[in-house]
Structures are given as C-alpha cells and as structure tokens.
Amino acid sequence: VQLVESGGGLVQPGGSLRLSCAASGFTFSRYIMSWYRQAPGKERELVAVITSAGGSTNYADSVKGRFTVSRDNAKNTVYLQMNSLKPEDTAVYYCKANFIVTYWGQGTQVTVSS
C-alpha cells in the first residue's frame, strides 16, 4: 500500500499550488480520501474530505472558498487545488485514505512566503 503526495513547494502569498496523492495497493474507489496538514508546533488538522465516488466534499473553515479537493478514481489519485495561498497555509500536507483501515502518505511541504 502506498500513498505518495507531490506538488508541494515554495509559493508567494496569493499564489496557487496543486497537490496530488497517488494511491496504490488497495481499492482506491472504496475509500474516503482526506487532506490534512501539520504546521510546526501545531497538531495535524483536517483540511478537506471527499467521499469515495467524489459526490460530496467538506472543508475546514480556514480554507473554504480557496481550496478544492477532487479525485480521479480511474487514476487512483486525489488532488488538492490551493488558491489564494496565505503564509498561515504553510505546513506539511498529508493525504489519508479511510475505509475499513486507514492509510497515510508521507507528506509534502508547502511553504507560502515572499
């Protein structure tokens, strides 16, 4: 089982990034997929969730209207489109797969700074 995040990096405030999480080793289409983030010295927090078929999404208040979660079950991939990024969005971003068991990716660093 693998969840591999990519797409992180350094971006200026107001910029955009698109994170990807590629899954393998399990039946991706059955799993609820989530994005979490963890900033230095803070607890890991839920950012966005998408149901197995992609019909429903939910977001943390802090990212509503700026972030969009989506998935492509044919590609076993979940995405997080992040727009209007702020310095407080700086964190390591993780994807999580949850159905009967839970799997986590290794994380990708997002740094928002001028």
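Let us look at the structure shown here. Quantities reported herein were computed from a predicted structural model and do not represent experimental measurements.

Let's talk about the side chain of Ser20
Inspection of the secondary structure assignment puts Ser20 in strand S3 (residues 17–24). Other than its neighbours up to four places away in sequence, Ser20 contacts Val4, Glu5, Ser6, Trp35, Thr77, Val78 and Tyr79.

Side note on the packing of aromatic side chains
If you walk through the whole model with that rule in mind, you get seven aromatic pairs. Aromatic pair Phe26 and Phe28: ring centres 6.5 Å apart, planes at 50°, arrangement tilted. A ring pair is formed by Tyr36 and Trp104, whose centres lie 5.0 Å apart and whose planes are at 65°; its orientation type is edge-to-face. One end of the pair, Tyr36, is in strand S4 (residues 32–38); the other, Trp104, is in strand S10 (residues 102–104), and 68 residues separate them in sequence. An aromatic cluster of three or more residues is present, and its members are Phe26, Phe28, Tyr31, Phe99 and Tyr103.

Overview of the pairing of S4
Most of S4 is tucked away: five of the seven residues are buried. Looking at chain direction, S4 and strand S9 (residues 91–98) are connected through seven bridges and run antiparallel. In the strand pairing of S9, Ile32 is matched with Asn98. Strand direction decides the pairing type here: S4 and strand S5 (residues 45–50), joined by five bridges, are antiparallel. Residue pairing across strands places Arg37 opposite Glu45, the latter belonging to S5. In textbook terms, the turn of a hairpin is the stretch between consecutive antiparallel strands, and for S4 and S5 this stretch comprises six residues, one of which, Gly41, has a positive phi near 80°.

What to know about the sheet that holds S3
Read across the open sheet, the four strands follow the order S1-S3-S8-S7; overall the sheet is antiparallel. Looking at the sheet topology across the chains shown, the edges are occupied by strand S1 (2–6) and strand S7 (67–72). For this sheet the average axis-to-axis angle between neighbouring strands, irrespective of direction, equals 15°. Note: S1 against S3, five bridges, orientation antiparallel. Residue pairing across strands places Glu5 opposite Cys21, the latter belonging to S3.

Analysis parameters
- Residues numbered from 1 in each chain as written.
- Predicted model: local features only at pLDDT ≥ 70, side-chain atom pairs only at ≥ 80, totals over all residues.
- Heavy atoms only, no water.
- Helix = DSSP H or I, 4+ residues; strand = E, 2+ residues; numbered from the N terminus.
- Contact = heavy atoms within 4.5 Å.
- Phe/Tyr/Trp six-rings, centres within 6.5 Å; stacked < 30°, edge-to-face > 60°.
- Buried < 20%, exposed > 50% of the residue type's maximum accessible area, 1.4 Å probe, protein only.
- Pairing = 2+ DSSP bridges.
- Axes fitted to C-alpha atoms, helices over the stretch in contact; angles between N-to-C directions.

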